[in-house]
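# Overview (structure and organization)
So you can see what is in the structure, the chains are spelled out below.
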Amino acid sequence: GAGVSQSPSNKVTEKGKDVELRCDPISGHTALYWYRQRLGQGLEFLIYFQGNSAPDKSGLPSDRFSAERTGESVSTLTIQRTQQEDSAVYLCASSLSITGELFFGEGSRLTVL
Amino acid sequence: TQLLEQSPQFLSIQEGENLTVYCNSSSVFSSLQWYRQEPGEGPVLLVTVVTGGEVKKLKRLTFQFGDARKDSSLHITAAQPGDTGLYLCAGAGSSYKLIFGSGTRLLVRP
């Protein structure tokens, strides 16, 4: 596709379960970002990738959160032992360069019951 | 830690009115971007400013980057209901990651 694709678009899970969120960036975009957006709030930086490397993981809220990127393409954000406070929309964005325009996906809405 | 503060957090105005949204930081940014987000969608880039003092116009929207590259403003003239949305500023700092402000939610009433 032409844009950033995220899946699933909606995920409802029970507290304590693990979830995986997937992001397919625009082909050729070397930079990939993950953000979290709580209801009515701005974007909270989680992690970014330059190629397959993550120079800055400082935004990950806890060790329950991890992310990887392979083939300078698809990225997966994994949340282990989900908690209710993890409920949010997780947005992925890709860019041709680190400080270039970000192209966002529509997000994955996570609800932890 | 680089932080971006936006004000106001929420703005409700009548169609035809003018408004200004502010984005402030104590840190210097190499560039600053403004995005607009509509419900259920990801943010979409409006403009990027890179030079201190730079002013860019996009139809009824005017963006300014502060001389010291620590702050920015977005001015909308004669607001329309289609301008309704969440406006986000984002700064690129020394670590190159883009940090977003908390956003300004704008409602333009017909």
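Everything numeric in this text was worked out from a predicted model, so none of it was measured. (Residues numbered from 1 in each chain as written. Chains lettered and ligands numbered in written order. Predicted model: local features only at pLDDT ≥ 70, side-chain atom pairs only at ≥ 80, totals over all residues. Heavy atoms only, no water.)

With 19 residues of chain B in contact, the opposing surface of chain A contributes 20 residues. Roughly 1,500 Å² of surface becomes buried between chain B and chain A when both sides are summed, with 57% attributable to carbon and sulfur atoms. In this structure, the connection of chain B to chain A is made through 0 salt bridges. Across the contact surface, chain B and chain A share 5 residue pairs in polar contact (both at pLDDT 80 or more). Those elements that provide at least two residues to the side of chain B that touches chain A are β4 (31–37), β9 (85–92) and β10 (98–100) of chain B. (Contact = heavy atoms within 4.5 Å. Buried area = accessible area lost by both parts, 1.4 Å probe. Salt bridge = Lys/Arg side-chain N within 4 Å of Asp/Glu carboxyl O. Polar contact = N/O pair within 3.5 Å; in protein donor to acceptor, adjacent residues only side chain to side chain. Helix = DSSP H or I, 4+ residues; strand = E, 2+ residues; numbered from the N terminus.)

Omega for the bond connecting Ser7 of chain A with Pro8 of chain A falls within 30 degrees of zero, at -5 degrees, which places this linkage in the cis form. Locating Pro8 of chain A in the fold gives a position in the loop between β1 (5–7) and β2 (10–13). Residue Pro8 of chain B is reached from Ser7 of chain B by a cis peptide bond, and omega for that bond is -10 degrees. With phi around 50 degrees, Glu72 of chain A is a residue other than glycine that occupies positive phi space. Topologically, Glu72 of chain A is positioned in the loop between β7 (65–69) and β8 (75–79).

Once that is clear, we can look at the layout of surface pockets. Space inside the largest pocket adds up to approximately 520 Å³. Gln37, Val89 and Arg109 of chain A together with Pro39 and Gly40 of chain B are, among the 26 residues lining the largest pocket, the residues nearest its centre. When residues of the lining of the largest pocket are traced back to their parent elements, those giving at least two are β9 (88–95) and β11 (108–112) of chain A together with β9 and β11 (104–109) of chain B. Considering each element in turn, the lining of the largest pocket owes the most residues, 4 residues, to β11 of chain A. Tallied by class, residues from the lining of the largest pocket come to 8 nonpolar, 12 polar and 6 charged. (1 Å grid on protein atoms, 1.4 Å probe; cavity = no way out; pocket = protein on both sides within 12 Å on 5 of 7 lines; lining within 4 Å. Points joined across faces, edges and corners; volume = space filled by probe spheres on them. Nonpolar A, V, L, I, M, F, W, Y, C, P; charged D, E, K, R; others polar.)

With that settled, consider the sheet that holds strand β1 (residues 5–7) of chain B. All names here are of chain B. On the basis of which strands lie adjacent, the open sheet formed by 5 strands has the order β1-β3-β8-β7-β6 and antiparallel pairing. Looking at strand neighbours, the two that pair on one side only are β1 and β6 (55–58), the edges of this open sheet. Sheet twist, expressed as the average angle between the axes of neighbouring strands with direction ignored, equals 15 degrees. (Pairing = 2+ DSSP bridges. Axes fitted to C-alpha atoms, helices over the stretch in contact; angles between N-to-C directions.)

The next thing to look at is the sheet that holds β7 of chain A. All names here are of chain A. If you walk across this open sheet you meet the 4 strands as β1-β3-β8-β7, and the pairing is antiparallel. Two strands close off the open sheet at either side, each with one partner strand: β1 and β7. Within the sheet, the average angular offset between the axes of one strand and its neighbour, ignoring direction, is 15 degrees. One ladder, built from 3 bridges, connects β1 with strand β3 (residues 19–24); its direction is antiparallel.

Further remarks concern the side chain of Arg36 of chain A. Along the chain, Arg36 of chain A turns up in strand β4 (residues 31–37). On the accessibility criterion, Arg36 of chain A (4% relative accessible area) is buried. (Buried < 20%, exposed > 50% of the residue type's maximum accessible area, 1.4 Å probe, protein only.)

With that out of the way, let us pick up the pattern of salt bridges. Residues and elements named next belong to chain A. In the structure shown here, the tally under the stated rule is 8 salt bridges over all chains. Note that Glu14 is salt-bridged to Lys17, the shortest N-O span being 3.7 Å. Of the residues examined, Lys17 reaches a relative accessible area of 44% and is grouped as partly exposed. Among the ionic pairs, Arg64 bridges to Asp86, the shortest N-O distance being 2.8 Å. Of this pair, Arg64 sits in the loop between β6 (53–56) and β7 while Asp86 sits in the loop between β8 and β9, and the two are 22 residues apart along the sequence. Of the residues examined, Arg64 reaches a relative accessible area of 12% and is grouped as buried. Shared partners join several salt bridges into a network, and the residues in it are Arg36, Arg38 and Glu44.

These values are about where atoms sit, not about what they do.
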